[in-house]
Amino acid sequence: GINAEYGKQWYQRRVRATTLTPELRGMKCLGESTCYPLAFGVPAFFMVIATGAFLIASRWYVKIPPLGNPLIDVAKVTWATFFGKESPEKLYGQQKVDDTRQIYRVLAVFIPFPLFWALFDQQGSRWVIQADRLNGKIGSFEIKPDQMQVINPAFVMCLIPFFDIVVYPLMKKIGVPTTAAFRLVLGMFIAALAFVVCGFVELAMENRVSVWNDAHPDDPRTLETLDKTEQLHVMTMIPQIFLITCSEILCSITVIEFAYAYAPPSMKSVCQSMMLLTSSFGNVVVVIFTKVTKRDLYQYFMWAGIQIFASCLMYVICRKVQGSLDDYKNRMIEGDVVEMTITGGSRKGSKASERSRKGSRPYTE
């Protein structure tokens, strides 16, 4: 299913990148104490091989030619709705109008996601800076700051089956909703909680600096200059990584399933691409809000507040569009059943419809 495939791909990408690359970077080459050419060159080499394999094997792929351009259809229906002299139903038909309205409802659910990705992607930036200031020593071995990112995909692989086998059934048993809307709202709230925990870790780090400065007034230090052996251990970051991973499972996987379940048949790929686009918008959000304050402690709590706002916004949007989303999907299922009945496959059509309903239960309960 989507959960297993998501976990496998995420694990393969992140574990390899976050374990191999830092080790390559730490080697000596070209007269320097580090080797960034090797750290970037090896992944680039493997990417060239992957691209070549893709091109060579492309002749064996099943290629379905596109039937029209759904983006152009959406643009035409939208223009006719607001500026046309005739009704869009008369110009393009009821089905295209319904599909266009449905795509806008699905895209509305994506609106808070740039804020979610703005927090989530800081695992590879601000959280690495935090890890760089912590004590990474475990005996003779030292954990490099960017290697802490390997914990996230490891958690993903463990928590995906745990959520499917334990968490979601337990939620149903005690009467907690498992709808897509509830998962998305809860996931974003947990992301905010991850940054609250991160903020308290930063506060504890600053307190360590204050303790040193009080004891050594002639040798004041900062977060950057305090000896790492005097700081918290880097494993202190595990709770916040665990929380951000839980939020990822609740938000990222759920929204992929959500988009595929509710998008019009001709626009499923469009919805998936728009979902990926929200990640780039998240990076823009980071650029904008990072300028608010330079102190990391304030930044973490600021991001937590932003994510709480995103969680509330997601709740409002889902309450607004959920009914219309379900109505459209039920009409599509009923239409498939009627079509199968007319063509002599009523029994098969009914079973297909039942499977569709079962597949959509997490979103309609």
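Here's a quick rundown of the structure. (Residues numbered from 1 in each chain as written. Predicted model: local features only at pLDDT ≥ 70, side-chain atom pairs only at ≥ 80, totals over all residues. Heavy atoms only, no water.)

Brief notes about the overall build of the chain
As a reminder of what qualifies: Note on conventions: DSSP H or I runs of at least 4 residues are helices, E runs of at least 2 residues are strands, and numbering of each starts at the N terminus. When a residue's accessible area, from a 1.4 Å probe over protein chains only, is under 20% of the maximum for its type it is buried; when over 50% it is exposed; and in between it is partly exposed. Residues are treated as being in contact if the distance between any of their heavy atoms lies within 4.5 Å. The protein chains shown are the only cover counted for residues, whose accessible areas, like all others here, come from Shrake-Rupley with a 1.4 Å probe.
The helix and strand tally for the chain stands at 13 helices and two strands. Across the 365 residues of the chain, 42% fall into the buried class. Intrachain contacts of the chain at a sequence separation of at least 6 include 76% that bridge at least 24 residues. Accessible surface for the chain amounts to roughly 20500 Å². Of this, 66% is attributable to carbon and sulfur atoms.

Some points on the nonpolar core
For clarity, the cut-off: Only buried Ala, Val, Leu, Ile, Met, Phe, Trp, Tyr and Cys residues count toward a nonpolar core, and they belong to the same one when joined by side-chain atoms within 4.5 Å.
Counting residues in each nonpolar core, the largest one holds 76 residues, and the members touching the most others are Phe 113, Trp 127 and Trp 303. Looking at this core, the elements with two or more residues in it are helix 5 (94-110), helix 6 (113-120), helix 7 (126-132), helix 8 (151-173), helix 9 (180-215), helix 10 (238-262), helix 11 (268-289) and helix 12 (296-342). Considering each element in turn, this core owes the most residues, 14 residues, to helix 9. Sequence-distant contacts of Phe 113, that is, excluding residues within four places in its chain, are made with Leu 184, Met 188, Cys 251, Val 255, Met 275, Thr 278 and Met 314.

Overview of the packing of aromatic side chains
For clarity, the cut-off: Any two rings among Phe, Tyr and Trp, with Trp reduced to its six-membered ring, count as a pair given centres within 6.5 Å; such a pair is stacked if its planes are under 30 degrees apart, edge-to-face if over 60, and tilted if neither. In our convention, an over-ring charge means Lys NZ or Arg CZ found within 6 Å of a ring centre and within 35 degrees of that ring's normal.
Using the criterion set out here, one finds 16 aromatic pairs in the structure. Pairing Phe 45 with Phe 46 gives two aromatic rings, centres 5.8 Å apart and planes at 65°, and the pair type is edge-to-face. Three or more aromatic residues link up through ring pairs in this structure, and these residues are Phe 113, Phe 116, Trp 117 and Phe 120. The cationic tip of Arg 183 hangs over the ring face of Tyr 168; the distance from NZ or CZ to the ring centre is 4.1 Å. Geometry around Tyr 260 places Lys 268 over its ring, the cationic atom sitting 4.6 Å from the centre.

Notes on the packing of helix 8 against helix 10
Selection criterion: Inter-axis angles, ranging from 0 to 180 degrees, are taken between N-to-C directions of lines fitted to C-alpha atoms, where helices are fitted over the stretch in contact. Throughout, the term roughly parallel applies to angles under 35 degrees, roughly antiparallel to angles over 145, roughly perpendicular to angles from 65 to 115, and oblique to all others. Left-handed describes a crossing in which the near helix is turned anticlockwise from the far one by less than a right angle; the clockwise case is right-handed. Residues are sorted three ways: Asp, Glu, Lys and Arg are charged, Ala, Val, Leu, Ile, Met, Phe, Trp, Tyr, Cys and Pro are nonpolar, and all the rest, Gly among them, are polar.
Helix 10 packs onto helix 8 with a crossing angle of 60° between their chain directions and a minimal axis gap of 9 Å. On the basis of the axis angle, helix 8 is oblique to helix 10. Crossing hand, helix 8 versus helix 10: right-handed. Here Ile 151, Asn 152, Phe 155, Val 156, Leu 159, Ile 160, Phe 163 and Tyr 168 of helix 8 lie close against helix 10, whose contacting residues are Ile 238, Ile 241, Phe 242, Ile 244, Thr 245, Cys 246, Glu 248, Ile 249, Leu 250 and Ile 253. Partitioned by chemical class, the residues of the contact of helix 8 with helix 10 number 15 nonpolar, two polar and one charged.

Overview of the pattern of salt bridges
Pairing between side chains of opposite charge can happen when their charged atoms approach one another. Inclusion rule: Any carboxyl oxygen of Asp or Glu that lies within 4 Å of a side-chain nitrogen of Lys or Arg is treated as forming a salt bridge with it.
Under the criterion given, the structure shown has twelve salt bridges. The residue Arg 295 makes a salt bridge to Glu 206 at a minimum N-O spacing of 2.4 Å. Remark: Glu 206 occurs in helix 9 and Arg 295 occurs in the loop between helix 11 and helix 12; sequence separation between them is 89 residues. Three or more residues joined by partner-sharing salt bridges are found here, namely Arg 126, Arg 133, Glu 202, Glu 224 and Asp 296.

Remarks on the state of the cysteines
Stated precisely, the cut-off is as follows: To count as a disulfide, a pair of cysteine sulfur atoms needs to be within 2.5 Å.
Here the structure, examined in full by the defined rule, presents one disulfide. The disulfide partner of Cys 29 is Cys 35, and the gap between their sulfur atoms is 2.0 Å. Residues Cys 29 and Cys 35 are joined by a disulfide whose S-S torsion is about 105°; by sign, that bridge is right-handed.

Comments concerning helix 10
Rules: The span one expects for a helix is its residue count, reduced by one, times 1.5 Å. At every residue, the bend is computed as the angle between two fitted axes, covering the seven residues ending there and the seven beginning there respectively.
Over its 25 residues, helix 10 extends 35 Å from the first C-alpha to the last, a length consistent with the 36 Å expected when each residue adds 1.5 Å. Of all the bends in helix 10, the largest measures some 30° and sits at Glu 248. Burial analysis of helix 10 places 20 of its 25 residues in the buried class, the great majority of the element.

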